[in-house]
Amino acid sequence: MKIAITGHAGYLGPALINELGTAGHELTGFDSGLYADCILGDEQPPAIDEVTIDIRDLTPAHLAGFDAVIHYAGLSNDPLGDLRPGVTEQINGDGTLIVARAAREAGVHRFIQSSSCSLYGAHGDAPIDESAEWLPVTPYGKSKVEAEIGLREMADDSFTPVYLRNATAYGWSPRLRGDLVVNNLTGYAMTTGEVFMKSDGTPWRPLVHTEDIAQAMRLAVEAPQELVHNEAFNVGASSENYQIREVAKIIEEVVEGSVIALSESAGPDLRNYRVNCDKLAERLGFEARWTVRAGAEQLAAKFREIGLTKEQLEGSSYQRVARIKELLADGRLDEDLRFGAKAA
Ligand SMILES: NC(=O)c1ccc[n+]([C@@H]2O[C@H](COP(=O)([O-])OP(=O)(O)OC[C@H]3O[C@@H](n4cnc5c(N)ncnc54)[C@H](O)[C@@H]3O)[C@@H](O)[C@H]2O)c1
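Presented here is an overview of the structure given in this document. Position labels on residues start from 1 in each chain and follow its written sequence. Only residues with pLDDT of at least 70 get local features here, since the model is predicted, and only at 80 or more are side-chain atom pairs given and counted; chain-wide, interface and lining totals rely on the full set of residues. Derived side-chain values reflect all non-hydrogen atoms in the structure, with water molecules and hydrogen atoms excluded from consideration.

### Observations concerning the sheet that holds strand E11 (residues 241–243)
The condition that has to hold: Strands are labelled as partners when DSSP assigns at least two bridges between them. Here a strand is any run of E in DSSP of at least two residues, a helix any run of H or I of at least four, and the numbering for each starts at the N terminus. Here the axes come from fitting lines to C-alpha atoms, over the contacting stretch only for helices, and the angles between their N-to-C directions go from 0 to 180 degrees. What makes two residues a contact is simply this: any of their non-hydrogen atoms within 4.5 Å.
In space, the three strands of this open sheet follow the order E7-E9-E11, with mixed pairing throughout. Both outer strands of the open sheet, strand E7 (168–170) and E11, are each paired with one neighbouring strand and no more. For this sheet the average axis-to-axis angle between neighbouring strands, irrespective of direction, equals 50°. Taken together, the three bridges between E7 and strand E9 (residues 204–209) define a ladder with parallel strand orientation. Across the sheet, residue threonine 168 finds its bridge partner in E9, namely leucine 207. Helix H9 (residues 244–254) rests against E9 and E11 of the sheet, and its axis sits at about 90° to E11.

Here it is as structure tokens:
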């Protein structure tokens, strides 16, 4: 298939490109390049044809001839959404619908929305499936709700949106993010000897490896229409829901000599949910290849090989909020998080 990937130059992009490329698909990326040169170590992300563009400017002409769009581009995570709530809505909500309309007008039949379990918000300790109510507690979660509502209205015989509600990602990527819980705790354990928890560790969170997300995307793009048309899938494994303190314990065990430490300001986190991911396995044949323990081992080995430092872990190349603040401060991004004349 000929597949357009928006936001291919982010954290999850490399695993997706590898997964789809291995399956023989022809790929083109569309990305504004917020993290273009943020690459950790010597491994270069896999190269594909790419167009540097803000998704808010995408037109049907850009997407003509593609069989499917996998939509990754956006402001990806809660703290970044909190930094600019209005722009988060603009890019993740309205921007998603701009891409979808362009795709539909161009005759693209399938649209895979990279959504998030953040749209479930505050649900408590009982595992929830795709029918659960949306109770988002952050601008990021709300933007994913808005996108899904808009996309659902666009579904018809010739346009099949599919909503993949990813668990929180972890795992190695040459475009690493140090702001995701497993990556962050493993990074601190390796660079300081402390598994440094910023919340009290009680909230539940489903976790999924970048490669398992990529597998789910491939299955959704390749599946017969009747299995996925206008359907939502939680992405992960039902067995991979953890309380953050359990994650910290695993990392303490994986990184020899490290000990768990609690930030003085550590308090509860409103985002608390466990998800059931059986639909993805039963309907599309998804099989998780990773667990948090295996992912922490992978990260620890990579960090050791690269010689990761605490400065790198906390720096703007691998922390989304710090990166965007830096681009704003030096005038490369304007208030709408668009690259301006200075960037060019
Ligand atoms: N990483 C996770 O834990 C996770 C979990 C659930 C869902 N998701 C979703 O998956 C997608 C990809 O996540 P990621 O972790 O790779 O994010 P990321 O922040 O690492 O990368 C996002 C990419 O989108 C691009 N982008 C942002 N705004 C853009 C715009 N206006 N126009 C064009 N490009 C733009 C950025 O340049 C970047 O390359 C996102 O939609 C995210 O919400 C991620």
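### Brief notes about the sheet that holds strand E4 (residues 68–71)
Sheet architecture is open: seven strands sit in the order E3-E2-E1-E4-E5-E6-E10, paired in parallel fashion. Single-partner strands in this sheet number two, and they are strand E3 (49–52) and strand E10 (232–235). Ignoring strand direction, the axes of neighbouring strands in this sheet form an average angle of 20°. Bridging between strand E1 (residues 2–6) and strand E2 (residues 26–31) involves five bridges; their strand directions are parallel. By the bridge assignment, lysine 2 is partnered in E2 with glutamate 26. Here helix H1 (residues 13–22) sits on the sheet in contact with E1, E2 and E4, set at roughly 180° to E1. Most of the contacts of helix H7 (residues 210–222) go to strand E5 (residues 110–116), to which it runs at about 150°, and overall it touches E1, E4, E5, strand E6 (160–166) and E10.

### With respect to the side chain of glutamate 19
Operational definition: Using a 1.4 Å probe on the protein chains alone, a residue whose accessible area is under 20% of its type maximum counts as buried, one over 50% counts as exposed, and one in between counts as partly exposed. Nitrogen and oxygen atoms within 3.5 Å of one another constitute a polar contact, given that in protein one can donate a hydrogen and the other can accept it, and given that sequence-neighbouring residues count only through two side-chain atoms.
Relative to the helices and strands, glutamate 19 resides in helix H1. The exposure class assigned to glutamate 19 is buried, which follows from its relative accessible area of 13%. A distance of 3.4 Å separates polar atoms of two side chains, one belonging to glutamate 19 and the other to arginine 289. Dropping the residues within four chain positions of it, glutamate 19 is found in contact with Glu211, Ala214, Gln215, Arg218 and Arg289.

### Remarks on the packing of helix H4 (residues 85–105) against helix H5 (residues 139–154)
Just so we agree on the cut-off: Should an angle fall under 35 degrees it is called roughly parallel, over 145 degrees roughly antiparallel, and 65 to 115 degrees roughly perpendicular, with every other angle called oblique. The hand of a helix crossing depends on one turn: near helix anticlockwise from the far one by less than a right angle means left-handed, and clockwise means right-handed. In this count, Pro and Cys sit with the nonpolar residues alongside Ala, Val, Leu, Ile, Met, Phe, Trp and Tyr, while Asp, Glu, Lys and Arg are called charged and the others, Gly among them, polar.
Viewed as axis vectors pointing N to C, H4 and H5 meet at an angle of 20°, and their least axial separation amounts to 8 Å. Between H4 and H5, the angle falls in the class roughly parallel. Crossing of H4 against H5: the hand is right-handed. Side by side, H4 and H5 meet where Pro85, Thr88, Glu89, Asn92, Gly93, Thr96, Leu97, Ala100, Arg101 and Arg104 of the first sit next to Pro139, Tyr140, Ser143, Glu146, Ala147, Gly150, Leu151 and Met154 of the second. Broken down by class, the residue content of the contact of H4 with H5 amounts to eight nonpolar, six polar and four charged.

### Re the site of the ligand
Basically, it comes down to this: For this purpose, a residue is taken to be near a molecule or strand whenever a single non-hydrogen atom of the residue falls within 4 Å of it. Exposure was quantified through the Shrake-Rupley algorithm and a 1.4 Å probe, taking into account, for residues, occlusion by the shown protein chains and nothing else.
Near the ligand you find 31 residues, and of these Tyr11, Asp31, Ile55, Ser114 and Tyr140 are the closest. Separating an oxygen atom of the ligand from a side-chain N or O atom of aspartate 31 is a distance of 2.6 Å. For the ligand, a nitrogen atom lies 3.1 Å from a polar atom in the side chain of aspartate 54. The fraction of the free accessible surface of the ligand (830 Å²) that becomes covered by protein chains is 98%. Among the secondary structure elements, those contributing two or more residues to the shell around the ligand are E5, H5 and E7. The greatest single-element share of the shell around the ligand, amounting to three residues, is contributed by E5.

### Focus: the side chain of asparagine 272
Along the chain, asparagine 272 turns up in the loop between strand E12 (259–267) and helix H10 (278–284). Among the residues examined, asparagine 272 registers a relative accessible area of 16% and is labelled buried. A polar contact of 2.6 Å, which involves the side chain of asparagine 272, links it to the backbone nitrogen of tryptophan 204. Excluding residues within four positions of it along the chain, asparagine 272 makes contact with Gly121, Ala122, His123, Gly124, Asp125, Pro203 and Trp204.

### Some words on the packing of helix H6 (residues 181–192) against helix H11 (residues 292–306)
Running from N to C, H6 and H11 point in directions that differ by 45°, and their axes come no closer than 10 Å. Taken together, the axes of H6 and H11 are oblique relative to one another. Taken as a pair, H6 and H11 cross one another with a handedness that is right-handed. Where H6 abuts H11, its residues Val182, Asn183, Thr186, Gly187 and Met190 lie against Val292, Ala296, Leu299, Ala300, Phe303 and Arg304. Partitioning the contact of H6 with H11 into residue classes produces seven nonpolar, three polar and one charged.

### Quick notes on the packing of aromatic side chains
Remark: the centre distance and the inter-plane angle together describe each pair of aromatic rings, the angle taken between the planes. Note the threshold: Pairing of aromatic rings covers Phe, Tyr and the six-membered ring of Trp, with a centre-to-centre limit of 6.5 Å; geometry is then stacked below 30 degrees between planes, edge-to-face above 60, and tilted otherwise. In this scheme, the term charge over a ring applies when either NZ of a lysine or CZ of an arginine sits within 6 Å of the ring centre and within 35 degrees of the ring normal.
All chains considered together, the criterion is met by three aromatic pairs. Here phenylalanine 111 and phenylalanine 159 contribute two aromatic rings whose centre-to-centre distance is 6.2 Å and whose plane-to-plane angle is 45°, an arrangement assigned as tilted. On the criterion of sequence distance, the pair formed by phenylalanine 111 in strand E5 and phenylalanine 159 in the loop between H5 and E6 is long-range, its members being 48 residues apart. Assessed through its relative accessible area of 0%, phenylalanine 111 is described here as buried. For lysine 2, the ring lying beneath its charged end belongs to phenylalanine 66, and the centroid distance is 4.7 Å.

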